[in-house]
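# Remarks on the overall topology
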Amino acid sequence: MTEMQMAYSLLRAALDGSVPHIGTAEVDASRWWSLFRLMQINHVAALTADAMSALGVPREVKIPWLTERDKAERWHRYQREVQQEVIDTMASHGIETLVLKGTHTAQHYPVPELREFGDLDLYFYDRHDEADRIAREVLKVEVNDDAHHHSKYDYRGVTVESHYDFVNIHYPPSNRRYEALLKALAPTPTFEVLFLLRHMACHFAASRITLRDLCDWTLTCRTLQDKVDWEQVQQTVDDYGMGSFVSILNTIAEKQLGVALPLQRDNGPDILANTALVEHDLVYGTPAANDRNTDGLQRLGWKLRRWRALAWKRRLVYSDSPLSLLVASMTAHGLKPKSIMHKM
């Protein structure tokens, strides 16, 4: 059994409560260590800890793996506490908060505390400037606004991202229309699915998504299945060129996690070929996109290599032309020059 097969088997067992189909006799301690590190990189070590513990994993691997579970639970509780303090602070000044991504998506997991996350992603509707002012004056933090669609600050050891908009309206060009759609739908279940999908698509095209993202998509769609306007979701997917991406995600969800999801699936030869690529990319990433710890001119060179290497991903998620994407990317970096060196 390959390492990738072991990873998907553990993940499936974590979500459905079964025992992973991994023959432990053929797996030595070095392979378990490698798998553990891989699950850490994919932010699912805590999620898979219980499934792992049902197997004959060596003690020297099992103990740190279970420790990841304990750490995630403690961090989850702490971040919830910090998040509520920020929400209460904003509410005391008449500002409503919409929680996005990690801490919100966690509710769809079998054990919410095991959905690992780092930042708090908050949206203050049309009052983000005022929310940033309150963060400075009341929470006594330094607010960084170097990014395109959110400011950022550290509060009590937790990074808080205050979103100006739901998606980066500067790139790709079609995101301006998509943003208008999301604002019209928020905060409905249909909004949640469309927001999560576009967020994943943009990260996938820019660098990579991970097994955690696959779980987010699978569990969100499954939990909200009877509450979402799937006709509108399907129309949006088609309009914005994300049909192939969704087909691939849903194929992997059913094949690897045993969960059948809504939306039409295209099973053509191109989709099947790209499904194998994405299956691997979810676990390991794209080599040209992974070596990101460079600086200066070397970093610019790496970004150009990454741009070429990830062209196949952009074709799967964007309806925008390659030229419009290149121009929009250059323009966006011109607006926020520090983003050129951003290590995403």
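Whatever comes next refers back to the structure up there.
Residues numbered from 1 in each chain as written. Predicted model: local features only at pLDDT ≥ 70, side-chain atom pairs only at ≥ 80, totals over all residues. Heavy atoms only, no water.

## Here we look at the overall build of the protein
Helices and strands together make up the secondary structure of the protein, namely 16 helices and four strands. Taken over C-alpha atoms, the radius of gyration comes to 20 Å for the protein, in line with the 20 Å a tight globule of 344 residues would show. Each of the three principal axes of the protein carries a C-alpha extent, and together these read 60 × 50 × 45 Å. Counting only residues that meet the buried cut, the protein has 52% of its 344 residues in that class. Long-range contacts, defined here as pairs at least 24 residues apart, represent 71% of the contacts in the protein between residues at least 6 apart. Taking the 40 positively charged and 45 negatively charged side chains of the protein as two groups, their mean positions are separated by 5 Å. (Helix = DSSP H or I, 4+ residues; strand = E, 2+ residues; numbered from the N terminus. Rg over C-alpha atoms; globule rule 2.2 N^0.38 Å. Buried < 20%, exposed > 50% of the residue type's maximum accessible area, 1.4 Å probe, protein only. Contact = heavy atoms within 4.5 Å. Lys, Arg positive; Asp, Glu negative; His and termini not counted. Charge placed at Lys NZ, Arg CZ, Asp CG, Glu CD.)

## Quick notes on the pattern of salt bridges
Summed over the entire model, instances satisfying the criterion amount to 13 salt bridges. Residue Lys71 is joined to Glu68 by a salt bridge in which the shortest nitrogen-to-oxygen separation is 3.0 Å. In this pair, Lys71 and Glu68 both sit in helix H4 (residues 59–91), three residues apart, roughly one turn of the helix. On the basis of relative accessible area, Glu68 is assigned to the buried category, the value being 14%. A salt bridge links Glu130 to Arg133, with the nearest nitrogen and oxygen atoms 3.8 Å apart. Of this pair, Glu130 and Arg133 are both found in helix H6 (residues 128–137), three residues apart, which corresponds to roughly one turn of the helix. (Salt bridge = Lys/Arg side-chain N within 4 Å of Asp/Glu carboxyl O.)

## Overview of the nonpolar core
Trp32, Trp65, Leu211 and Trp217 are the most contacted members of the largest nonpolar core, which totals 84 residues. Looking at which element gives the most residues to this core, the answer is helix H8 (residues 189–206), with eleven residues. Aside from chain neighbours lying at most four places away, what touches Trp65 is Leu10, Trp32, Leu35, Phe36, Met39, Ala45, Thr48, Ala49 and Met52. Ile87, Leu122, Val141 and Tyr155 belong to the second-largest nonpolar core, a separate cluster that totals 19 residues. (Core = buried A, V, L, I, M, F, W, Y, C linked by side-chain atoms within 4.5 Å.)

## Examining the state of the cysteines
On inspection of all chains with the given rule, the structure shows zero disulfides. Its sulfur unpaired, Cys202 is 16 Å from the next cysteine sulfur, which belongs to Cys221. Cys221 forms no disulfide, and the closest cysteine sulfur to it belongs to Cys215, at a distance of 12 Å. (Disulfide = S-S within 2.5 Å.)

## So, the packing of H8 against helix H9 (residues 211–223)
Put simply, H8 and H9 touch, their axes get as near as 10 Å, and they point 165° apart. The orientation of H8 relative to H9 falls into the category roughly antiparallel. The hand of the H8/H9 crossing is left-handed. Contact residues: H8 offers Glu192, Val193, Leu196, Leu197 and Met200, while H9 offers Asp213, Asp216, Trp217, Thr220 and Cys221. Counted by class, the contact of H8 with H9 contains six nonpolar, one polar and three charged residues. (Axes fitted to C-alpha atoms, helices over the stretch in contact; angles between N-to-C directions. Parallel < 35°, antiparallel > 145°, perpendicular 65-115°, else oblique. Left-handed = near helix turned anticlockwise from the far one by under 90°. Nonpolar A, V, L, I, M, F, W, Y, C, P; charged D, E, K, R; others polar.)

## Describing unusual backbone geometry
A negative phi holds for most residues other than glycine; trans holds for most peptide bonds. With an omega of -10°, the peptide bond between Tyr171 and Pro172 qualifies as cis. Note that Pro172 resides in the loop between strand E4 (158–163) and helix H7 (175–185). The omega torsion across Ala186 and Pro187 is 0°, close enough to zero to call that bond cis. When you line up the elements, Pro187 lands in the loop between H7 and H8. At Lys101, a residue that is not glycine, the phi angle is positive and equals roughly 60°. Mapped onto the secondary structure, Lys101 falls in the loop between strand E1 (98–100) and helix H5 (102–105). Despite not being glycine, Tyr125 shows a phi value in the positive range, around 55°. Residue Tyr125 is classed as partly exposed on the basis of its relative accessible area of 23%.

## Points about the side chain of Asn168
Position of Asn168 among the secondary structure elements: in the loop between E4 and H7. Reaching out from Asn168, the side chain makes a polar contact with the backbone nitrogen of His170 at a distance of 3.0 Å. Not counting residues up to four positions away in its chain, the partners in contact with Asn168 are His148, His149 and Asn175. (Polar contact = N/O pair within 3.5 Å; in protein donor to acceptor, adjacent residues only side chain to side chain.)

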